[in-house]
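If you want the building blocks of each chain, they are given just below.
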Amino acid sequence: MFSGAIASVKGNPSPGDIVTVVAGDGRFLARGYWNGASQIRVRVLTFRDVEVDEGFWQQALARSVGARGGVVGRGASASLRTTDGGGPSASLGTMEGVRLVYGESDYLPGLIVDRYADYLVLQALTFGMDQRKWMIAEILEDLVGSSGIYERSDADVRDREELPPSTGVLRGNA
């Protein structure tokens, strides 16, 4: 939610804190994480009135990975179907590179995760995701397995969140 869409803020949330967005009459609208320094003050995680705890993150990451056709584990395979529904589907064989998490499209704003062979590359582009990257890496390791998870959070967009670039091994081997 952009700063101009927020009428008031109750309390004093810190960057990355989970906040609840309500309508003027008090009805629940959404839950997300806060960054008062960003033009986008609330990054929405859910429009459901659920607690954003570790179980939430496990379900959200599993949903995201599942949306890629269940591409999990080492050497995952996939098939390609024609868009017109005609003709046989073709096997892609072993996928060497696939995006597992598409940020906002997966209701995980600021998080990108790619698999390259047996390694994962994680980008935490917002304050809220940066705070949770270690937990996210652990959940991903349990969910899909890998030889290592490397962080590549060095995009210029982090400047808008008042975050420095960050790269390096989060889990496993380099």
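Residues numbered from 1 in each chain as written. Predicted model: local features only at pLDDT ≥ 70, side-chain atom pairs only at ≥ 80, totals over all residues. Heavy atoms only, no water.

Things to note about the pairing of strand β9 (residues 148-153)
Then comes step 1: Here strand β8 (residues 119-124) pairs with β9 via four bridges, running parallel. The residue bridging Leu120 from the neighbouring strand is Ile149, located in β9.
Then comes step 2: Looking at chain direction, β9 and strand β10 (residues 166-172) are connected through six bridges and run antiparallel. Counterpart to Glu151 in the pairing with β10 is Gly168. (Pairing = 2+ DSSP bridges. Helix = DSSP H or I, 4+ residues; strand = E, 2+ residues; numbered from the N terminus.)

Focus: the sheet that holds β9
Then comes step 1: As summarised here, the arrangement of the five strands in space is β6-β7-β8-β9-β10, forming an open sheet in which the pairing is mixed. In this open sheet, the two strands that pair with only one neighbour each are β6 (97-102) and β10. The mean angle between the axes of side-by-side strands here comes to 20°, regardless of whether they run parallel or antiparallel.
Then comes step 2: As judged from the six bridges shared by strand β7 (residues 111-116) and β8, these two strands associate in the antiparallel manner. Across the sheet, the residue bridging to Leu111 is Ala124, located in β8. (Axes fitted to C-alpha atoms, helices over the stretch in contact; angles between N-to-C directions.)

Comments concerning helix α1 (residues 54-66)
Then comes step 1: For α1, which comprises 13 residues, the first-to-last C-alpha distance of 18 Å matches the rise-based estimate of 18 Å (1.5 Å per residue) to within 8%.
Then comes step 2: Listing the buried residues of α1 in full gives Phe56, Trp57, Ala60, Leu61, Ser64 and Val65. Each buried residue of α1 sits inside an arc of 160° when the element is viewed along its axis, so together they form one side.
Then comes step 3: Turning to α1, the residues buried within the fold contact β3 (42-46), β6, β7 and α2 (127-144). (Expected span 1.5 Å × (residues − 1). Buried < 20%, exposed > 50% of the residue type's maximum accessible area, 1.4 Å probe, protein only. Arc of directions from axis to C-beta. Contact = heavy atoms within 4.5 Å.)

Concerning the side chain of Arg158
Then comes step 1: Positionally, Arg158 belongs in the loop between β9 and β10.
Then comes step 2: Classification of Arg158 by relative accessible area gives buried; the value is 2%.
Then comes step 3: At a separation of 2.7 Å, a polar atom in the side chain of Arg158 contacts the main-chain carbonyl oxygen of Pro164.
Then comes step 4: Apart from the residues within four sequence positions on either side, Arg158 is in contact with Ala124, Leu125, Asp130, Glu151, Ser153, Leu163, Pro164, Pro165 and Ser166. (Polar contact = N/O pair within 3.5 Å; in protein donor to acceptor, adjacent residues only side chain to side chain.)

By themselves, these are just geometric observations and shouldn't be taken as functional.
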